Amino acid sequence: MDMKKRVTLELRGRSPAEMAELVLDNSRSADGEVEGLTDDFKELEFLSMVNVGLSSLAKLPSLPKLRKLELSDNNLSGSLETLSEKCPNLTYLNLSGNKIKELSTVEALQNLKNLQSLDLFNCEITSLEDYRESVFELLPQVTYLDGFDQDDNEAPDSEAEDEDEDGEDGAEPTGDYDEDDDDEEDEEDEEGEEGAEEEEDEEDYGEEEEEEEDDQAGVQGQKRKREVEDEGEDDEDEDD
């Protein structure tokens, strides 16, 4: 789909002045120029034109409120001075995957006084000796180059941080956790086991007592039987 048709499609019947964001990724520019955009997009704050075949920004309209501009994977090798003229309030600019080779090309971004993040990843300029130090010196307003600051600290990603925090929070046990609770439970378990053992011992002891009583009763019964027999014999002797 060519860029003009894509712009019309993204409008969806709205006027350009109502648009705050516009994504034209993977549409095609017929002559390497920006097409379909006009000065009427005065409220635009985010514009993405990734992989659209751009080789020039000369026809970029005036976008005074534009803060973020995605231009990765195009054929840009110059004309960056247009950005400071047409988009003076840019804070984020992605030029990765373009044909930018020299520091002099990047020098054209010096007038973007609000530029905080610049991405030149996969551009030939990154192979220059002292590339990072040179760009930071050339553009002192830039805090993050290719996603990292001068101390190699990664640029913050608020969405990713929120997800990580949620994941960590979810892994934590909920509610108040007290190790003493476990100790009390262990003690209760031990007491329960000891009580069960005592009951078993009492039952065994009771059975032993019953057996002893039975044995004693049996002995006493035998004694009585003998006594009766002895008395019978004595009676017979007296009769004789």
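Scroll up to find the structure this text is about.
Criteria and cut-off values
Residues numbered from 1 in each chain as written. Predicted model: local features only at pLDDT ≥ 70, side-chain atom pairs only at ≥ 80, totals over all residues. Heavy atoms only, no water. Helix = DSSP H or I, 4+ residues; strand = E, 2+ residues; numbered from the N terminus. Buried < 20%, exposed > 50% of the residue type's maximum accessible area, 1.4 Å probe, protein only. Contact = heavy atoms within 4.5 Å. Areas by Shrake-Rupley, 256 points an atom, 1.4 Å probe, with all protein chains shown as cover. Phe/Tyr/Trp six-rings, centres within 6.5 Å; stacked < 30°, edge-to-face > 60°. Lys NZ or Arg CZ within 6 Å of the ring centre and 35° of its normal. Pairing = 2+ DSSP bridges.

> Could you give me a rundown of the overall build of the protein, with the residues and numbers involved?
In terms of helices and strands, the protein carries six helices and six strands. The N-to-C order of helical and strand elements in the protein reads α-β-β-β-α-β-α-β-α-β-α-α. Taken over 240 residues, the protein has a buried fraction of 30%. Of the contacts formed within the protein by residues at least 6 apart in sequence, a portion of 49% connects residues at least 24 apart. Accessible area for the protein stands at about 16000 Å²; split by element, carbon and sulfur atoms hold 39% of it.

> Kindly report on the packing of aromatic side chains, identifying the contributing residues and their values.
The relative placement of two aromatic rings is captured by the distance of their centres and the angle of their planes. In this structure the tally under the stated criterion is zero aromatic pairs. Its guanidinium or amino end placed over the ring of Y92, K68 lies 4.9 Å from that ring's centre, counting from NZ or CZ.

> Before we move on, could you go through unusual backbone geometry and cite the residues and values that matter?
Positive phi is not limited to glycine here, since N26 has a value of about 65 degrees. By the element assignment, N26 lies in the loop between strand 1 (21-23) and strand 2 (46-48). Not every positive phi belongs to a glycine, and D73 is a case in point at roughly 60 degrees. Classification of D73 as partly exposed rests on a relative accessible area of 44%.

> Tell me about the environment of L63, residues and numbers included.
Relative to the helices and strands, L63 is located in the loop between strand 2 and strand 3 (68-70). Separated by 18 residues in the primary sequence, L63 and E45 have C-alpha atoms spaced 8.1 Å apart. Sequence-distant contacts of L63, defined by excluding residues within four places in its chain, comprise T38, F41, L44, L47, K86 and C87.

> Quick rundown of the sheet that holds strand 2? Include the residues and the values.
Strand pairing in a sheet is mediated by backbone hydrogen bonds. Such pairs are either parallel or antiparallel. With parallel pairing, the six strands of this open sheet are ordered in space as 1-2-3-4-5-6. Strand pairing shows two members of the sheet lacking a second neighbour, strand 1 and strand 6 (144-145), which therefore form its edges. Note that strand 4 (residues 92-94) and strand 5 (residues 117-119) share three bridges and pair parallel. For N94, the partnering residue across the bridge sits in strand 5 and is D119.

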